[in-house]
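Residue strings, one per chain:
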Amino acid sequence: MCDQTFLAITFGPCDSCSENRPLMNLYIKTEPINYCSLCMEIMACQGLASGETLKSLKAESETLRKKLEEERKKLHDVELEKVAEKAEALGELNMKTRRTLKGHGNKVLCMDWCKDKRRIVSSSQDGKVIVWDAFTTNKEHAVTMPTTWVMACAYAPSGCAIACGGLDNKCSVYPLSLDKDENLAAKKKSVAMHTNYLSGCTFTNSDMQILTSSGDGTSALWDVESGQLLQSFHGHSADVLTLDLAPSETGNTFVSGGSDKKANVWDLRSGQNVQSFDTHDSDINCVKYYPSGDAFASASDDSTCRLFDLRADREVSIYSKDSIMFGAASVDFSLSGRLLFAGYNDYTINVWDVLKGTRVAILFGHENRVSSLRVSPDGTAFCSGSWDNTLRVRQEGRGVGRELKQGGTTLYG
Amino acid sequence: MERVIVAMQDPDMGMKMRNQRLLITVIPHAMTGNDVIEWLIQKYNITEEEARHLGGLLVQYGYIYPLREPRSLLLRSDDSPYRFQTPYFWTSSRWPATELDYAIYLAKKNIRKQGELVDYEKENYSILHKRINHTWDFVVMQAREQLRASKQRRKADRIVLECQEQAYWLINKPCVNMPLYYHYTTLGRNRVKSSICLESFMKYSEQYLHHDPIMSGCLPSNPWISDDTSHWTINTDMVGIPTRLRVERWSFSFMELLNDSMGRREFMIYLEKEFSAENLCFWVACEDLRHGESSKIILKVEEVYKNFLAPGAARWVNIDSKTMERTLEGIKRPHRFIMDDAQMHIYFLMKKDSYPRNLTSRTPTLAIVPQETKKSVFPFMRRQRHSSPSPAMVTQATEDDGKAKGAGPTGTSSTTNSQI
């Protein structure tokens, strides 16, 4: 056999504690010895200063944590509600369904807008990914993925490709062909490979790089052309469920939320976790940046949405109501950041006043969970995808003569 | 997976090993990527695509590692040499990759050759140094001992060992993020008072209030309500005259100006008058480098150096000497983010200097304020909803997508769509 170049004992009795364990080959004063990992750690720690033990290090960690909380509190001199008192109150919001996109055979899991403000890509449980012109409600492209539960999809900034993935643990990029008859699946490009399901994907500022989040607890940055892993981000202790890229000037960070109830902010270049927020009581299903990039909102299974400020390094607002008992699956801001749209598992969409913290409207219409929600790039409307197999594009309805009743009537909250 | 590997190494039915050349040393017992794929196809009777996929997985999980370009964990179907990873380093063996081992590995690398550590390795090294500082003497001692022992091996063996280790650590990087270190850094972070942060939200919402179609409507009408796409047509990238709202947004922040292609063009014209256009050109070139194809990175870095940084360059940009020095040093090992420091310097230069002056001194841009569309007299008339060309087509064609204009009310057009 080839690599028996060096005989290395990998398992057996440890030279120090004589227990049968996986062994490591060490050199002490030029003598090769075999220690198990525990004995090696103990030996290494003999350099510990007197009084220091692993226990004391843990205690140090706790006191630091408390100190951190104190520092954060010191700078918290006012609540958002107080500051928002002088803001103008919002009038009634009347959002009507303007388009209903029917065509998926099963639950719609994810959707994304194209930069041209009218096209949408959506993916569903049955493995179909459809590109719609939402304005005319025509289907433009359809791809059948070789996997079910396509949980993530994204439109490329140029509008020339889409990315999607799910239970296949991969993220694939499909260039959108102009020839309608051409089989899109033939041009498919596998970009990302994770060891568990893909929960979210997004293109960074160009078509050339993709950021993915996965159930294996990591997020990763990939080069589309070569499929190479450019950077990986470790730090969540459970599945990463969502991510969002920052609209900041330097464009170098993104936030991810996971089943470990934490929302982490990462630096794209170094892979470091630069900030962390853990005030949620349950899985974080969706995170979205505030338009200025100074804050982000999160939606969680604990039925609340929260706003976290990055400069103050704390949670600044909670959007919740006793009557809302179901988890929130998706959030997005309106263009000015004044409104927060959130889709819930009780089939409704709640619209919150970001500054005052109050609910402005509650929208009905879907017949099953709202799984994903996005405001269009120019803010003219927002689209919600649901487990009832449809997507709805909604916009304000101000006294236009058309009042045709249908399933999608809106009520005021 | 290991069954496959063992079968591959079977002396009779397994793969043909050869002595492969790596630079000048001959490496025994190596095979080419092509061999791997061919053997898989033959043995398991599968297609080439499947063999490539399976082979790729073997590399990703660390059972086979490439000798050239060890960082790229891909299986190339050409004559690039590969080797089997020794069972010592197999992922399945219950050997936990502890931080201690990783620290020893990094220390060895550092001692062996200064500057050998890559960016993320350097950071991991310093994090580990802080965290397990109490064991550092041991780490360095072990690193030295292991290096010394390896010196006593043949050169070929040494290279093999190094490659094996490197491949192992590429895959099994332990997570170097623990509470203690994290808390130290976060305590030291600059935090801003809540009142200031929250005021900024107020200001932002107020500033953008009229630009938010959901809050304030949009002119001439919201396309989703009226089925008239004029709002989109008058706001396309390169329309003749921009709308007033659009021009107003350019004054909100430098980023808004740069993000709008029309705003960028106007700004460029202004800079040309001020003889500082090379700054914007440099910024654009750096963005292209950051977000472009990986294969073109080296080429782009050279271009940027030639055009903007070389002494006597046609469009030399004025960066401070420290940043310039750092950038020039970094160009020797070009990567995607090498121009970041310089780019940021120029960005803030433009933001603090040229941008404000442009705002104040600029003659007002010609802009239109669209009329609000009068509501239809006959509420049940519906406009034809025209489709627009796919963005994929637009990027190829030179003509504008100005086709999506709504026609006038054309009689009762009952639609096939089911809504409203």
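Residues numbered from 1 in each chain as written. Chains lettered and ligands numbered in written order. Predicted model: local features only at pLDDT ≥ 70, side-chain atom pairs only at ≥ 80, totals over all residues. Heavy atoms only, no water.

Below, the discussion takes up the overall build of chain A. Broken down by element type, chain A carries three helices and 32 strands. When the 413 residues of chain A are sorted by exposure, 60% land in the buried category. Residue pairs in contact within chain A that sit at least 24 positions apart in sequence constitute 44% of those at least 6 positions apart. Only carbon and sulfur atoms are counted for the fraction: they give 49% of the accessible area of chain A, which is about 16000 Å². (Helix = DSSP H or I, 4+ residues; strand = E, 2+ residues; numbered from the N terminus. Buried < 20%, exposed > 50% of the residue type's maximum accessible area, 1.4 Å probe, protein only. Contact = heavy atoms within 4.5 Å. Areas by Shrake-Rupley, 256 points an atom, 1.4 Å probe, with all protein chains shown as cover.)

Bringing the packing of aromatic side chains into the picture now. Aromatic rings in a pair are described by how distant their centres are and how their planes are angled relative to each other. Residues and elements named next belong to chain A. On inspection of all chains with the given rule, the structure shows 25 aromatic pairs over all chains. Consider the rings of Phe233 and Phe254, whose centres lie 4.9 Å apart with planes at 80°: the pair is edge-to-face. Here Phe233 is found in strand E16 (residues 229–234), whereas its partner Phe254 is found in strand E18 (residues 253–258), with 21 residues between them in sequence. Phe254 sits in the buried class, given a relative accessible area of 0%. One residue, Arg99, lies across the ring of Phe135, its end atom 5.0 Å from the ring centre. Arg369 extends its terminal NZ or CZ atom over the ring of Trp387, reaching a point 4.4 Å from the ring centre. (Phe/Tyr/Trp six-rings, centres within 6.5 Å; stacked < 30°, edge-to-face > 60°. Lys NZ or Arg CZ within 6 Å of the ring centre and 35° of its normal.)

We now examine the UniProt feature "repeat: WD" (unreviewed entry) in chain A. Residue and element names in this part refer to chain A. Sequence positions flagged by UniProt for "repeat: WD" (unreviewed entry) are, in local numbering, residues 101–142, 191–232, 233–276, 277–318, 330–362 and 363–393. Measuring from the first to the last C-alpha atom of residues 330–362 gives 15 Å, for a span that is 0% helix and 58% strand. Across residues 363–393, the secondary structure splits into 0% helix and 52% strand, with the terminal C-alpha atoms separated by 12 Å. (UniProt positions renumbered as here; feature names shortened; annotations may be inferred.)

Time to look at the sheet that holds strand E6 (residues 119–124) of chain A. Residues and elements named next belong to chain A. With antiparallel pairing, the four strands of this open sheet are ordered in space as E5-E6-E7-E8. Each edge of the sheet is formed by a strand with only one pairing partner; in this case those strands are strand E5 (108–113) and strand E8 (138–144). For this sheet, the mean inter-axis angle between neighbouring strands, taken without regard to orientation, is 20°. Note that strand E7 (residues 128–133) and E8 share six bridges and pair antiparallel. Across the sheet, residue Asp133 finds its bridge partner in E8, namely Asn138. (Pairing = 2+ DSSP bridges. Axes fitted to C-alpha atoms, helices over the stretch in contact; angles between N-to-C directions.)

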